[in-house]
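Working through the structure, step by step
Listed here are the chains, written in short residue letters.
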Amino acid sequence: MPTEPEIDRPPINPRPGVVKTLGVCNIVFAVLSGFGILASLGYLYVANASGATIPQPKVTASTAPPNTQVVAINPFMGMGDPTFIRFSVVENAIAAVTSGLMFATGIGLLNLRRWAARWWSYLAWAKIALVVLLWGYFIVAVAPALSESMARNVAGMIPQAGAPGRGSTVEQLTMVYSIMNLVVAAAVIVVSSIYPAISLWLLGRPGVETALVGESPREAELP
C-alpha cells in the first residue's frame, strides 16, 4: 500500500540563551527571596519581642473630655497577632526551602543541564500550588483575626468620646482591613505565579529542549 511522502520539517534551532536567562532569573529571584525572608523574620522577631504596646500620652481628668477611653497602641499595627506570626513563620520556612532549590536549579540551567530543567519544572508547579494553598489559608483563617487586630490598634488612636456612632469604628475598620488583606493575598497569588508559569511555558518550547545537555551519558538518555 503506497504511503504519503514524508513532509520535510525544518530543523529545530537550540535556544541556549533562553535556558541561561531562566538560570539567571532563578538565581536572582532566589537571592532576593533570601533577603526578603531575613527582613520578614527580623520584623516578626522585633514585633513579637516588643510584644506589647506603647500607651498613648497620659490624659488626666482635667484635660480629657468626658468618657474618653485611652487605649494602648501597638507600634506594629497589629502585626504581632499570634495567628499572623505563625503563618509568616511557616511561609518563610517554605520559602527558604524553595529558594534554595531555585538557586541550585538556576546554576544547573546556566550550565544547560537537563536535570535542572526537569527539577525546576517540578518546583515551578510546586511554587504555584503552595502560594495558592498558603494564601488561600491566609484569607480564610488568618485575615479575619489580623484585620480585627489592626482595626483595634488604629481605633485606639481615635479618641472615643461616647458620641453617637463611635462604637462602630472598630467594625468599620475591620471591614476595611479585611478587604485590604483580601486584595493583598490575591495580588501575592497572582504575582508569585507569573514567573513559574512563564518558566513552564518556556521549558516546553522545542528550541529550549534541544539546548539541554545531560551531565553524563546516562542522564542524557533520560526524558
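Residues numbered from 1 in each chain as written. Predicted model: local features only at pLDDT ≥ 70, side-chain atom pairs only at ≥ 80, totals over all residues. Heavy atoms only, no water.

Observations regarding the overall build of the protein chain
Helices and strands together make up the secondary structure of the protein chain, namely 6 helices and 0 strands. The secondary structure elements of the protein chain, listed N-terminal to C-terminal, are α-α-α-α-α-α. The buried share of the protein chain, taken over its 223 residues, is 32%. Excluding contacts between residues fewer than 6 apart, the proportion of contacts in the protein chain whose partners are at least 24 apart in sequence is 78%. Counting only carbon and sulfur atoms, one obtains 69% of the accessible surface of the protein chain, whose full area is about 13,700 Å². (Helix = DSSP H or I, 4+ residues; strand = E, 2+ residues; numbered from the N terminus. Buried < 20%, exposed > 50% of the residue type's maximum accessible area, 1.4 Å probe, protein only. Contact = heavy atoms within 4.5 Å. Areas by Shrake-Rupley, 256 points an atom, 1.4 Å probe, with all protein chains shown as cover.)

Points about the side chain of asparagine 92
Positionally, asparagine 92 belongs in helix α2 (residues 82–110). Taking the relative accessible area as the measure of exposure, asparagine 92 reaches 8% and is therefore buried. Apart from the residues lying within four places of it in its own chain, the contact partners of asparagine 92 are Ile37, Ser40, Leu41 and Leu44.

Brief notes about the environment of isoleucine 27
In this fold, isoleucine 27 is placed in helix α1 (residues 16–50). Remark: the alpha-carbon pair of isoleucine 27 and alanine 104, spanning 77 residues in sequence, is separated by 7.9 Å. Ignoring sequence-local partners within four residues, the contact set of isoleucine 27 consists of Phe103, Gly106, Ile107 and Leu110.

Observations concerning the pattern of salt bridges
Opposite charge on two side chains allows them to pair when their charged atoms are near. Summed over the entire model, instances satisfying the criterion amount to 2 salt bridges. In this structure, glutamate 209 and arginine 114 form a salt bridge, with 2.7 Å as the shortest nitrogen-oxygen distance. Remark: arginine 114 occurs in helix α3 (residues 114–155) and glutamate 209 occurs in helix α5 (residues 206–211); sequence separation between them is 95 residues. A relative accessible area of 13% places arginine 114 in the buried class. The salt bridge partner of glutamate 148 is arginine 152, with a shortest N-O separation of 3.1 Å. Highlighted residues: glutamate 148 and arginine 152, both in helix α3, separated by 4 residues, approximately one helical turn. (Salt bridge = Lys/Arg side-chain N within 4 Å of Asp/Glu carboxyl O.)

Some thoughts on the environment of isoleucine 189
Note on placement: isoleucine 189 falls in helix α4 (residues 169–203). Under the relative-accessibility criterion, isoleucine 189 is labelled buried at 18%. With 53 residues separating them in the primary sequence, isoleucine 189 and glycine 136 have C-alpha atoms 8.7 Å apart. Look past the residues within four positions of isoleucine 189 in its chain and what remains in contact with it is Val131, Val132, Trp135 and Gly136.

Some thoughts on α4
Look at α4: 52 Å from first C-alpha to last across 35 residues, which is about the 51 Å you get at 1.5 Å a residue. Of all the bends in α4, the greatest, near 35 degrees, is centred on isoleucine 194, and the proline proline 196 appears no more than four residues after it. (Expected span 1.5 Å × (residues − 1). Bend = angle between axes of the 7 residues up to and from the residue.)

Side note on the packing of α3 against α4
Orientation of α3 relative to α4, taken along the N-to-C sense of each, is 170 degrees, at an axis distance of 7 Å. Relative to α4, α3 is oriented roughly antiparallel. Across the contact of α3 with α4, the residue classes break down as 29 nonpolar, 10 polar and 3 charged. (Axes fitted to C-alpha atoms, helices over the stretch in contact; angles between N-to-C directions. Parallel < 35°, antiparallel > 145°, perpendicular 65-115°, else oblique. Nonpolar A, V, L, I, M, F, W, Y, C, P; charged D, E, K, R; others polar.)

Thoughts on the confidence of the model for the protein chain
Residue-level pLDDT values for the protein chain average 79, and 70% of them are 70 or greater. Mean pLDDT values over the elements of the protein chain span from 46, in helix α6 (residues 217–220), up to 93, in α2. Under a pLDDT of 50 for its full length, residues 215–223 has, in the predicted model, 12 contacts with residues more than four places off or in other chains. (pLDDT = per-residue confidence, 0-100.)

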